[in-house]
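Each chain, written out:
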Amino acid sequence: MRSIRFSIRQRATLALSLLLLCVAPALMLFRVSADDSPIVLQRNAVLLPPSGGVNPHGTAEYKVYQNGNRELEIEIEDMDLANGTILRVFINGNLVGQTMVNLTKARLNLRTRDGQSVPEVTHGALLEVKKEDLLVVRGTFTTITPAPSASPTSSPTASPSSSPTVTPAVSPSPGEFEIFAQLNGAPIDGIVPRGLAEYEQEGSEKELEVRVRQINLPNGSSLGVFINDTQVGTMSILNAEAALRLRAQRGDNIPTITSGTNISIRSSSTVILRGIFGISGQPSPTSTQGRFFQAHLDGSQLNPPVNTTGRGELKIFLSADETQAFAIGEYENLIGQQISAKIICQVGSIPTIIHDFGALGGTERHYTASFAINAQQLQMLRTGVCYELVASTVFPSGEIKGTLFNEAREVDFDGDGAGDLAVFRPSNGMLYIQTASDLKIESIGSTTSRLISADFDGDGISDIAVYRNLEGLGVWRIKRSSDSAITTVQFGLGDDIPVAGDFDGDKINDLAVFRPSNGFWYIRRSADSSYVFIQFGKNGDIPLSNDMDGDGKSDIIIFRPSLGDWYILKSSDNKVSGLHFGVSGDIPIRADFDGDGIGDVAIYRPSEGTWYWVESSNNTFRSLRFGLNTDFPVAIDYDRDGRTDIAVFRPFEGIWYLLRSSDGGFEVRNFGINGDIPVTAQ
């Protein structure tokens, strides 16, 4: 079953701050020059289709630096190819790399300083980009003489301030400039549009890129881009999104943009988005989104069970003060026509209806609703005595049902629904946890212990759990958040890898280990204390778990780093699926970036500092450069919007860098010292 796949209109009505991911400050802070050594040789190529037309088109730059490093950068755009299409790059007939199409564009950047292989490119070398055997674009390199770099001055640099720096990015030279504008507008038939504009200037080279989303206008509608009331370009809407990229290098006319310059996006004469360019790298206020609850519906949860193909899902988001609720629901494949859907809380034999969605009809439907919630109802939700019941003409007493649970995060030690910062300090064996209101310090002891933060007692709060190798045996030590009592259990061998996951769907974490020596998973289910043994994987694989099919249970996953392959054993049908997504050296990420309740296939590539993922809701391929090759990826939900936030921990600074998905805010948090290990990276 697919999880909640609601329309753009329904997504946009998440008034409780489920907003566009906007990464302007982060992009500005992490974009650094390729090499701080002067360029001694540069060769460029203009890429055009074999037909001689205008689209697709692109550029290629080959640079050699004084210190001997080489770089090859290729950008292609305006391709009429599906997202995720693999493109191969050849120079003089030799394969040098491959890339993927994303929103009609593709980019490949190879650098010797990152350990990548960059061929020597001669004057007149032929570059070809192909989709299988189909030639997409090609071009010939010509030599560009670089301008001599300025001599360094003897002036001393300013003394460092005592406050933490945002990122050790190379300071731009006087000729370099980069600035952003966040675009906002009034709702269009109930949908709030959002966008981002970026202007970059380096010497005489200028570039303007505009991206907009949630534009509730028909496909093909034309939008004009205006700088200070002068139109500079147009873009067309496709699936509520549009993009424009102008480059002076290819002859586009781009006005000079400075801080305070106005930009507007117009449909005919109507301004639908506007913004002001300005440099801003300061953290924005923390999101005020409240916690959320989720239910997976089927026939097995009724008493007696109902034999049906029907499935459903419901998410309830609370406001920051937890007095208002916003619900997004879905049902599909019902046997009968839907006649009612209700949220019911039951204590003893007395049911209380929190909300009645009414008769929506059909066998498949998406629906939303907003309603007030009182303290008593909130407490019942937290206790787990509430459920949604959907009835049909064939099953008027109920065809599918699902209990609402407060979805506990991996690292949520105070139960507020937001991920907390937590680091393990091997130098003293201590665990440091920063919640929204408190600092907690726990003694872990052995520096070789593996930390497994998860909810083992079902109270919606992460427990402090440690997996230790004691004389060859695997011993779990769990400090329960519900009563602070400690449980010690021997389960596994000392060299096993513990894995956090709820494999039986009871919202309590199970004890689970992966044994590299034989490729077996050993799971002790919390629901009935039964054991499950499954051979799935081999030595060298990286085990992880996530709900990849939306049934409310963790699925067994392995990532094979030697091949960049994923293997997923889905709990809903016990079928295995495989996917090639990644290369050697990538780090697999447990994530749900689109918030649909189904895990996304995702990796972090340290060599590039780039995140790559495929959204399960629409199979869209996405990527974002955010981080350095020494950073730890620490992606969890920090802002309580039900979506994983991209984040890294920089160990030599002890600083966390977060991109909030709820409002696009960028945060820098100083928590930790050099040598600390973040719990989410354990």
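Residues numbered from 1 in each chain as written. Predicted model: local features only at pLDDT ≥ 70, side-chain atom pairs only at ≥ 80, totals over all residues. Heavy atoms only, no water.

1. Notes on the confidence of the model for the chain
So the rule is basically this: As a per-residue quantity, pLDDT reports the predictor's confidence and falls between 0 and 100. Here a residue-residue contact requires only that any non-hydrogen atoms of the pair lie within 4.5 Å.
Confidence along the chain averages 81 in pLDDT terms, with 85% of residues attaining 70 or more. In the model, residues 1–36 has pLDDT below 50 throughout and makes 124 contacts with residues more than four positions away in sequence or in other chains. Long-range and interchain partners of residues 145–175, a stretch whose pLDDT sits below 50, account for 31 contacts in this model, where long-range means more than four residues apart.

2. Overview of the sheet that holds strand E42 (residues 587–591)
Condition: We treat two strands as partners when DSSP finds at least two bridges between them. Numbering of helices and strands runs from the N terminus; a helix is a DSSP stretch of H or I covering at least four residues, while a strand is a stretch of E covering at least two. Interaxial angle, 0 to 180 degrees, is taken between N-to-C directions of lines fitted to C-alpha atoms, where a helix line uses only the stretch in contact.
What the four strands build is an open sheet, ordered E42-E43-E44-E45; its pairing is antiparallel. Strands with a single pairing partner mark the edges of an open sheet, and in this sheet they are E42 and strand E45 (620–625). Recorded for the sheet is a direction-independent mean angle of 20° between the axes of neighbouring strands. Relative to strand E44 (residues 610–615), strand E43 (residues 600–605) runs antiparallel, the two being bridged by five bridges. Each bridged residue has a counterpart across the sheet, and for Val601 the counterpart in E44 is Val614.

3. Observations concerning the environment of Asp592
The cut-off we apply is this: Categorising residues by exposure relies on relative accessible area from a 1.4 Å probe, with only protein chains included: less than 20% of the type maximum marks a residue as buried, more than 50% marks it as exposed, and the intermediate range marks it as partly exposed. Polar contacts, as used here, are pairs of N or O atoms within 3.5 Å; protein pairs need one atom able to donate a hydrogen and one able to accept it. Residues neighboring in sequence count only if both atoms are side-chain atoms.
Relative to the assigned elements, Asp592 resides in the loop between E42 and E43. What makes Asp592 buried here is its relative accessible area of 12%. Sequence separation between Asp592 and Ala602 is ten residues; the distance between their C-alpha atoms is 8.9 Å. In this structure, Asp592 is in contact with Gly597, Ile598, Asp600, Gly642, Arg643 and Thr644, ignoring residues within four places of it in sequence. A polar side-chain atom of Asp592 sits 3.1 Å from the main-chain amide nitrogen of Gly595.

4. Examining the pattern of salt bridges
Defined as follows: Salt bridges, as used here, are contacts in which a Lys or Arg side-chain nitrogen is within 4 Å of a carboxyl oxygen on Asp or Glu.
Per the counting criterion, the structure on display carries 23 salt bridges. Residues Glu77 and Arg245 are paired through a salt bridge, measuring 3.5 Å at the closest nitrogen-oxygen approach. Residue Glu77 is found in strand E3 (residues 70–77), and its partner Arg245 is found in strand E15 (residues 242–247); the two are separated by 168 residues along the sequence. Each of the two residues, Glu77 as well as Arg245, counts as buried. Residues Glu442 and Lys479 are paired through a salt bridge, measuring 2.8 Å at the closest nitrogen-oxygen approach.

5. Observations regarding the sheet that holds strand E38 (residues 542–546)
If you walk across this open sheet you meet the four strands as E38-E39-E40-E41, and the pairing is antiparallel. The sheet is open, and its two borders are formed by E38 and strand E41 (576–580), each paired with just one other strand. The average undirected angle you get between the axes of adjacent strands in this sheet is 20°. As judged from the five bridges shared by strand E40 (residues 565–569) and E41, these two strands associate in the antiparallel manner.

6. Re the state of the cysteines
Put simply, the rule reads: Put simply, a disulfide is two cysteine sulfurs that come within 2.5 Å.
Counted according to the given criterion, the structure contains one disulfide. Across a sulfur-sulfur distance of 1.9 Å, Cys345 and Cys386 are joined as a disulfide pair. Judged by the sign of its S-S torsion, about 100°, the cystine formed by Cys345 and Cys386 is right-handed. You can see Cys345 sitting in strand E21 (residues 338–347) and its partner Cys386 sitting in strand E24 (residues 386–392), a full 41 residues away along the chain. Residue Cys345 is classed as buried on the basis of its relative accessible area of 0%. A relative accessible area of 0% means that Cys386 is categorised as buried.

7. Focus: the packing of aromatic side chains
For the record, the criterion: Each Phe, Tyr or Trp ring (for Trp, its six-membered ring) is paired with any other whose centre lies within 6.5 Å, and the angle between the two planes then decides the class: stacked below 30 degrees, edge-to-face above 60, tilted in between. Geometrically, a charge over a ring is one whose NZ (Lys) or CZ (Arg) sits within 6 Å of the ring centre while staying within 35 degrees of the ring normal.
The full count for this structure, using the stated rule, is 18 aromatic pairs. Ring centres of Phe514 and Trp521 lie 5.7 Å apart, and the angle between their planes is 55°; on these two criteria the pair is classed as tilted. For Trp521, a relative accessible area of 0% translates into the label buried. Arranged with centres 5.0 Å apart and planes meeting at 50°, the rings of Tyr604 and Trp611 form a pair that is tilted. Here the two residues Tyr604 and Trp611 agree in accessibility, since each one is buried. An aromatic cluster of at least three residues, connected via ring pairs, comprises Phe491, Phe520, Tyr522, Tyr531 and Phe533. For the cation-ring pair, Lys401 lies above Tyr387, with the distance from its terminal atom to the ring centre recorded as 4.2 Å. The side chain of Arg425 reaches across the aromatic face of Tyr432, ending 4.2 Å from its centre.

8. Regarding the side chain of Glu75
If you trace the backbone, Glu75 turns up in strand E3. A distance of 3.4 Å separates polar atoms of two side chains, one belonging to Glu75 and the other to Arg107. A distance of 2.7 Å separates polar atoms of two side chains, one belonging to Glu75 and the other to Arg245. Those residues within four positions of Glu75 in sequence are excluded, and the remaining contacts are Leu47, His57, Gly58, Thr59, Ala106, Arg107, Arg245 and Arg247.

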